[in-house]
Amino acid sequence: MTRPVLPPLSPAPATSTSFIDVTAKLSLLLGVLSVLWSVFQLLLAALLRRFDLSAWMQQQEIPFPAALHWAAQHALSLSFLLLGTSLAFVAVSWGLLRRREWGRTGFIIFLVLVALANFAFLPLIQELFNGLYTIVPAEFLDSPQGHEMRAQLRFSQWSALLTAGISAVAFAILHGWLVVKLRRPEIRRQFH
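Here the structure is a predicted model, which means the values were calculated and not measured.

### Let's talk about the overall build of the protein
Looking only at helices and strands, the protein features nine helices and zero strands. What you see in the protein, going N to C, is helices and strands ordered as α-α-α-α-α-α-α-α-α. Looking at the protein as a whole, 29% of its 192 residues are labelled buried. For the protein, contacts bridging at least 24 residues in sequence account for 75% of all contacts bridging at least 6.

As structure tokens, this is what we get:
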């Protein structure tokens, strides 16, 4: 008696193929969410453009930190920049999913730039806390409650710097691993 021959099982998707698919789909999702956030931020910046935050703070006799003043003046331009960057990320993620070489190369460039940007933003945290110190009146900072507030701000400052620093290192490691993986020959062969 002969046994029936079973059809061959369909091969499981290659690990490198599924890696690219998962990476590209997650990136597309993040890119679309970033575009939506950018549009919301753009609308908010356009609405707030009518409201002069700097003048209001001066009327309230609240010091206005230079970095915050610059960001308020350029909020609309920064929002357009974020939207353009988000759209570019969606495009390279789509190119990655469709196995286009420009998508792979663009994705690697984004990974490197985001890893570097995470470290570049660390001094801005310091600037933010320096700005907070200037907003609080000096007389208050010299009082017992002011000393307590200064200690809390210092703790918050170091906590924020430590958390952001650890996050920057973690993302740099993750992005470095992704770059190395995307440059492997078995991955590169799938792109045209």
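### Observations regarding the nonpolar core
Counting 21 residues, the largest nonpolar core has Phe19, Ile20, Leu96, Phe107, Leu111, Leu182 and Ile187 as the members making the most contacts within it. Those elements giving two or more residues to this core turn out to be α1 (15-48), α4 (75-97), α5 (101-120) and α8 (144-182). Other than its neighbours up to four places away in sequence, Leu182 contacts Phe19, Leu96, Arg104, Phe107, Ile108, Leu111, Ile187 and Arg188. Listed in part, the five residues of the second largest apolar core include Ile125, Phe129, Leu153 and Leu161.

### Description of the packing of aromatic side chains
Under the definition given, this model contains four aromatic pairs. Between Phe89 and Phe107 the ring centres are 5.9 Å apart and the planes differ by 25°, which places this aromatic pair in the stacked class. Here Phe107 lies in helix α5 and Phe89 lies in helix α4, a separation of 18 residues in the sequence. Since its relative accessible area comes to 17%, Phe89 is described here as buried. Seen from the ring of Phe19, Lys181 lies directly overhead, with NZ or CZ sitting 5.1 Å from the centre.

### Some words on a nonpolar patch on the surface
Side chains of Trp37, Phe40, Leu44, Leu48, Phe51 and Trp56 sit close together on the surface and give an oily, nonpolar patch of about 630 Å² of accessible area. With respect to the secondary-structure elements, Trp37 resides in helix α1.

### Some details on the pattern of salt bridges
Side chains carrying opposite charge are able to pair once their charged atoms draw close together. Under the defined criterion, the tally for this structure stands at two salt bridges. Across the salt bridge formed by Asp21 and Arg99, the nearest N and O atoms sit 3.0 Å from each other. With a gap of 78 residues between them, Asp21 in helix α1 and Arg99 in the loop between α4 and α5 connect regions that are remote in the sequence. Arg99 gets classed as buried once you look at its relative accessible area, which sits at 12%. As a salt-bridge pair, Glu101 and Arg104 come within 2.6 Å of each other at their nearest N and O atoms. Of this pair, Glu101 and Arg104 both sit in helix α5, three residues apart, which is roughly one turn of the helix.

### Quick notes on the side chain of Gln157
Residue position: Gln157 is located in helix α8. Not counting residues within four places of it along the chain, the set of residues in contact with Gln157 comprises Gln126, Phe129 and Tyr133.

### Quick notes on the environment of Thr17
Within the fold, Thr17 resides in helix α1. Exposure remark for Thr17: the relative accessible area of 25% places this residue in the partly exposed category. Separated by 173 residues in the primary sequence, Thr17 and Gln190 have C-alpha atoms spaced 8.0 Å apart. If we skip the residues at most four places from it in the chain, Thr17 touches Arg99 and Gln190.

### Section: the confidence of the model for the protein
Per-chain confidence: the protein averages 87 in pLDDT, with 88% of residues scoring 70 or above. Confidence, read as mean pLDDT per element, is least for helix α2 (residues 53-59) in the protein (70) and greatest for α5 (97).

### What about α5?
When the terminal C-alpha atoms of α5 are compared, their 29 Å separation across 20 residues agrees well with the 28 Å that a helix rising 1.5 Å per residue should span. All of the buried residues along α5 are Gly103, Arg104, Gly106, Phe107, Ile108, Phe110, Leu111 and Ala115.

### So, helix α6 (residues 122-135)
Between the first and last C-alpha of α6 there are 21 Å, a value that for 14 residues agrees with the 20 Å anticipated at 1.5 Å per step. Where α6 is concerned, the buried positions are Ile125, Phe129, Gly131 and Tyr133. In this structure, the buried side of α6 is in contact with α7 (138-142) and α8.

Reading the values: rules and limits
- Residues numbered from 1 in each chain as written.
- Predicted model: local features only at pLDDT ≥ 70, side-chain atom pairs only at ≥ 80, totals over all residues.
- Heavy atoms only, no water.
- Helix = DSSP H or I, 4+ residues; strand = E, 2+ residues; numbered from the N terminus.
- Buried < 20%, exposed > 50% of the residue type's maximum accessible area, 1.4 Å probe, protein only.
- Contact = heavy atoms within 4.5 Å.
- Core = buried A, V, L, I, M, F, W, Y, C linked by side-chain atoms within 4.5 Å.
- Phe/Tyr/Trp six-rings, centres within 6.5 Å; stacked < 30°, edge-to-face > 60°.
- Lys NZ or Arg CZ within 6 Å of the ring centre and 35° of its normal.
- Patch = residues over 30% accessible without salt bridge, like charges linked within 9 Å, V, L, I, M, F, W, Y side chains within 5 Å.
- Areas by Shrake-Rupley, 256 points an atom, 1.4 Å probe, with all protein chains shown as cover.
- Salt bridge = Lys/Arg side-chain N within 4 Å of Asp/Glu carboxyl O.
- pLDDT = per-residue confidence, 0-100.
- Expected span 1.5 Å × (residues − 1).

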